[in-house]
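# Secondary and tertiary structure notes
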Amino acid sequence: MKLIRAVTTTLVAGVAVLLASALPAWAHVTVSPSVATTGSYGTFAFKVPNERPDAKTTRVEVVFPENAQLASVSLRPVPGWTATVTTRQLPNAASAGSDDEAANKAVTGIVWEGGAIDPGEFQLFEVSLGPLPTTPGQLVFKALQTYSGGEVVRWIDIPEAGAPRPEHPAPVIDVKPADAQANAPAAAASNPTPTPTSTDDGVARLLGWAGLALGALALLTAAATGLRRRTAVPASAPLAEADTAGRL
């Protein structure tokens, strides 16, 4: 029984380690929707989860992409949080001759602070912005998440097509022409088999290890049960039957 308990403890600990190592890959800063139309305006929500069990998120900074001149930005108020928008002067503003000071500047980032995201919770920060670039491409919004203990998690890694998802991916918006988005459902229907992602692979491996652990535990339990049953039979019984058979 001591052996069974030791093996069971080891298996449970192994599954717990696997779960702990996989959880950070499931929770990260994201932006939704992740696809938008070229030249359009849209409302996007940055979702910030708290991944620390012993600290609160107290500051969130979103850095706007340098390859986009997003001049029109408005924010949905978040109770308890104060938002600060930073801008830069557009290089061609003077030559354009615009008298609108806001139109001559592009947003470089937004900082939310003063509030708190408790462990196990998340917060949505909604932003209306535009006009998006007229050229298709990616808009990478790097995010910095500050915890109450002083730790800063930088969600700044740029995902690459065909490569495993980085540990701290930055929120990305794919800007596509309207006709490309209209054809997306047809393309998906012609290729119904989804392409596995790195997250899917991680979940599959986790479930596989958990299944193996549970299977091994079941075998050990069955073996222990059989051992107890064999031990419960008196040793003299089979010997007595053998003697009887010899005499007959």
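What counts as what
Residues numbered from 1 in each chain as written. Predicted model: local features only at pLDDT ≥ 70, side-chain atom pairs only at ≥ 80, totals over all residues. Heavy atoms only, no water. Salt bridge = Lys/Arg side-chain N within 4 Å of Asp/Glu carboxyl O. Helix = DSSP H or I, 4+ residues; strand = E, 2+ residues; numbered from the N terminus. Buried < 20%, exposed > 50% of the residue type's maximum accessible area, 1.4 Å probe, protein only.

### Focus: the pattern of salt bridges
Summed over all chains, the structure comprises 6 salt bridges. Lysine 56 is the partner of aspartate 118 in a salt bridge, and the nearest nitrogen-oxygen pair spans 3.5 Å. In this pair, aspartate 118 sits in the loop between β7 (105–117) and β8 (122–130) while lysine 56 sits in the loop between β3 (42–49) and β4 (57–63), placing the two residues 62 residues apart along the sequence. Taking relative accessible area as the criterion, aspartate 118 reaches 28% and is therefore assigned partly exposed. Overall, the relative accessible area of 39% leaves lysine 56 in the partly exposed class. For the salt bridge of arginine 76 with glutamate 126, the shortest nitrogen-to-oxygen distance reads 2.7 Å. On the criterion of sequence distance, the pair formed by arginine 76 in the loop between β5 (72–75) and β6 (82–89) and glutamate 126 in strand β8 is long-range, its members being 50 residues apart. A relative accessible area of 51% means that arginine 76 is categorised as exposed. Put simply, Glu51, Arg52 and Glu151 are held in one network by salt bridges that share partners.

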